[in-house]
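Now for the letters of each chain:
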Amino acid sequence: SRRQRQMCIRDRAGTAKPLVEKIRNRIHETGWEELTSSLNALECLAACYDGQQETIIEWLENDAPDENGDIYMMDMFAWLVKVRCYLQTGKHMAAYVLVRQLITLLEQGKRPMDLCECHMLLAIIYQKAGDTGRMCEELETALALAKRYRYIPVSYTHLRAHETSL
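Computed from a prediction, not measured in an experiment: that's the story for all the values here.

Further remarks concern the overall build of the chain. In terms of regular secondary structure, the chain is built from 9 helices and 0 strands. Listed N to C, the secondary structure of the chain is α-α-α-α-α-α-α-α-α in terms of helices and strands. Sequence-distant contacts in the chain: of pairs separated by 6 or more residues, those separated by 24 or more amount to 55%. When the accessible surface of the chain is split by element, carbon and sulfur atoms take 54% of a total near 10100 Å².

Here helix 7 (residues 112-128) crosses helix 8 (residues 132-148) at 165 degrees, and the two axes come no closer than 8 Å. Between helix 7 and helix 8, the crossing angle belongs to the class labelled roughly antiparallel. As for how helix 7 packs across helix 8, the hand of that crossing is left-handed. Seen from helix 7, the contacting residues are P112, L115, C116, H119, M120, L122, A123, Y126 and Q127; seen from helix 8, they are R134, M135, E138, L139, T141, A142, L145 and A146. Taken together, the residues that form the contact of helix 7 with helix 8 break down as 12 nonpolar, 3 polar and 2 charged.

Counting through the fold element by element, A64 comes out in the loop between helix 4 (53-62) and helix 5 (76-88). Taking the C-alpha atoms as reference points, A64 and S38, 26 residues apart in sequence, are found 9.5 Å from one another.

Moving on: the nonpolar core. Membership of the largest hydrophobic core comes to 40 residues, with the highest contact counts inside it found for W59, V83, C85 and L102. Secondary structure elements with two or more residues in this core: helix 3 (36-50), helix 4, helix 5, helix 6 (92-109), helix 7 and helix 8. When residues of this core are assigned to their parent elements, the largest contribution, 10 residues, is made by helix 7. Residue contacts for C85: discarding those within four places in its chain leaves C44, C48, I56, W59 and L60.

Moving on, we get to the environment of W59. Position of W59 relative to the elements: it lies in helix 4. Residues W59 and A41, 18 residues apart in the sequence, show an inter-C-alpha distance of 8.0 Å. In contact with W59, other than residues within four places in its own chain, are N40, A41, C44, A64, P65, A78, V81, K82 and C85.

What counts as what
Residues numbered from 1 in each chain as written. Predicted model: local features only at pLDDT ≥ 70, side-chain atom pairs only at ≥ 80, totals over all residues. Heavy atoms only, no water. Helix = DSSP H or I, 4+ residues; strand = E, 2+ residues; numbered from the N terminus. Contact = heavy atoms within 4.5 Å. Areas by Shrake-Rupley, 256 points an atom, 1.4 Å probe, with all protein chains shown as cover. Axes fitted to C-alpha atoms, helices over the stretch in contact; angles between N-to-C directions. Parallel < 35°, antiparallel > 145°, perpendicular 65-115°, else oblique. Left-handed = near helix turned anticlockwise from the far one by under 90°. Nonpolar A, V, L, I, M, F, W, Y, C, P; charged D, E, K, R; others polar. Core = buried A, V, L, I, M, F, W, Y, C linked by side-chain atoms within 4.5 Å. Buried < 20%, exposed > 50% of the residue type's maximum accessible area, 1.4 Å probe, protein only.

This is how it looks when you write it as C-alpha cells:
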C-alpha cells in the first residue's frame, strides 16, 4: 500500500548512517579521500528522502560541488544529488542550469546511464514549471535511452521514487 511505501522511505538517513560511517572509516584507512564527495552526497540524498531541509541546505552551502569550478566525471553522483537538492529546496532554475551542463558533458563523455537520469530530472523540472509537453519529451528521451541500454528497471525505480514529487 502507499502508506507502507511511505513508511519504508522514511528514515533513510538513520538507516544509512552506520553504513556511511563504515565506508568513511574505510576511506580514511585507505587514503582515498577523493571518494568523500560522493559519500557526503549519499548522506545528503538520504536526507532528501527524509525531507531534512536543514541538512540539505547545509550540504549545498558547505559540501556540494561548485558548478563555478570544473565538473569532474568522478563526482557525477554528487552532481546528480545536487540537482535533486536544488529541486527539494525550490531552486528550479539552478537545477535546470546544472542539469543542462551535465547533459552536455555526459553526451560528450558517453555516459548513457547518468544521461538517462539527467533527462528524468529535467522532466521533473519541466513538470514543476508546468510545461507538460517538454516534460513528456524528456521522459521519452530517458525511456528511449533506458530501452536502448536495457535500463528499464532503473528507469522504473526512478519514476516510482519521484512519483510523489510529480
